[in-house]
Amino acid sequence: MSNDLVFGLHAVEALLKRAPQDVLEIFALKDRDDKRMQPLLQQARQHGISVQFCNRKTLDEMVGGQHQGIVAKARLSSSGNEADLAAIVEAQSKPLLLVLDGVTDPHNLGAILRSADAAGVHAVIAPKDRSVKLTSVVRKVACGAAESVPFITVTNLARTLRQLQQAGVWVVGTAGETETLVYQADLTGPLALVLGAEGEGLRRLTRETCDALVKIPMFGSVSSLNVSVATGICLFEAVRQRQQL
């Protein structure tokens, strides 16, 4: 566990709801008295959490702005590891996993976590190196999803994918060079969807390790989608297929 700052109304609300015992202190914007802020402060006080009122400049200096008038100092659990992932896979009859190969933008990761939470993803997996971590910006953009979706970091992504395959998980990567559309693939069983870094796509070894490759059809002038948008499309195609069973 490490102390970190969580900011934004949705992110702080999710933290107070799921793990109030880990919230050490709340910093709130002085003189802000509205229907969104007051329930959070009341909830914090009910859990015995100290609330300090600050001016906007102080909050801006703490987190660099975009805090919506509230910042929480909290004990945050670090990301999970390979052993945690194995337990998650074993506990699910049809695990739905999301693998991110080198996503480095915190806003993209935050948006991806929101989509993963909405789609019922059991874990999001990323390599330890050359990938964004669960920063305060990620948590703010994720609007609480960072506290609900297990985030697993692994040392060797290709090895992890092979271990998932040995556990019966079908590994499907996204790549523009394939002819198979995501809508044509069977995404109904134990599944790990693999999406690549912004602009670069999947690394060679990651691509070669996948059981199958799919693409999203593109009809306009742009050659690719933002990774968070592509993730949402692929995840909810999987959700659509799985709900039809």
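Structure: above.
Residues numbered from 1 in each chain as written. Predicted model: local features only at pLDDT ≥ 70, side-chain atom pairs only at ≥ 80, totals over all residues. Heavy atoms only, no water.

Details of the pairing of strand E7 (residues 151–154)
Here is the rule: Relative accessibility under 20% of the residue-type maximum defines a buried residue, over 50% an exposed one, and the middle range a partly exposed one, all with a 1.4 Å probe and only protein chains included. Segments assigned H or I by DSSP are reported as helices when at least four residues long, segments assigned E as strands when at least two residues long, and all are numbered from the N terminus. One bridge is not enough; two strands pair if DSSP finds at least two bridges between them. When the strands point away from the viewer, a crossover counts as right-handed if the route from the first strand across the helix to the second turns clockwise.
Neither face of E7 is left uncovered, since the one carrying Phe151 and Thr153 and the one carrying Ile152 and Val154 both have all their residues buried. Where strand E6 (residues 123–127) and E7 come together, 4 bridges link them in parallel fashion. Across the sheet, Ile125 pairs through a bridge with Ile152, a residue of E7. Once the chain exits E6 it traverses helix H6 (residues 136–142) before rejoining the sheet at E7, and the crossover so formed is right-handed.

Some details on a nonpolar patch on the surface
The condition that has to hold: The patch calculation keeps residues exceeding 30% relative accessible area without a salt bridge and links them within 9 Å when they carry like charges or within 5 Å when they are nonpolar (Val, Leu, Ile, Met, Phe, Trp, Tyr). Method for areas: the Shrake-Rupley scheme with a 1.4 Å probe, in which residue coverage is limited to the protein chains shown. By salt bridge we mean one thing: a side-chain nitrogen of Lys or Arg within 4 Å of a carboxyl oxygen of Asp or Glu.
On the surface, Met218, Val222, Leu225 and Val229 cluster together into a nonpolar patch covering about 300 Å² of accessible area. Here Leu225 lies in the loop between strand E10 (212–214) and helix H9 (227–243). Among the residues examined, Leu225 registers a relative accessible area of 35% and is labelled partly exposed.

Examining the nonpolar core
So the rule is basically this: Nine residue types can take part in a nonpolar core, namely buried Ala, Val, Leu, Ile, Met, Phe, Trp, Tyr and Cys, and a core is a set of them joined through side-chain atoms within 4.5 Å. The contact rule is simple, with two residues in contact once any of their heavy atoms fall within 4.5 Å.
In terms of nonpolar packing, the biggest core is built from 35 residues, with Leu98, Leu113, Val121, Val124 and Leu193 touching the most fellow members. The set of elements that each furnish at least two residues to this core consists of strand E5 (96–101), helix H5 (106–119), E6, H6, strand E9 (191–196) and H9. In terms of residue count, H9 provides more of this core than any other element does, 6 residues in total. Filtering out sequence-adjacent residues up to four positions away, Leu98 remains in contact with Ile112, Ala116, Val121, Ala123, Val124, Ile125, Leu193, Leu195, Thr231 and Leu235. Residues Leu15, Leu16, Val23 and Val51 belong to the second largest nonpolar core, which totals 19 residues.

Some thoughts on the packing of H5 against H9
Helix packing for two helices is described by the angle between their axes and how far apart those axes are. Short version of the rule: Axis definition: a line fitted to C-alpha atoms, over the contacting stretch in the case of helices. Angles run 0 to 180 degrees between N-to-C directions. Angle categories: roughly parallel below 35 degrees, roughly antiparallel above 145, roughly perpendicular from 65 to 115, and oblique for all the rest. Side-chain classes follow a simple rule in which Ala, Val, Leu, Ile, Met, Phe, Trp, Tyr, Cys and Pro form the nonpolar group, Asp, Glu, Lys and Arg form the charged group, and the remainder, Gly included, forms the polar group.
Where H5 meets H9, the closest approach of the two axes is 9 Å, and the angle between their N-to-C directions is 10°. If you check the angle between H5 and H9, you find them roughly parallel. Here Asn108, Ala111, Ile112, Ser115, Ala116, Ala118 and Ala119 of H5 lie close against H9, whose contacting residues are Val227, Ser228, Thr231, Gly232, Leu235, Phe236 and Val239. Of the residues in the contact of H5 with H9, the class split is 9 nonpolar, 5 polar and no charged.

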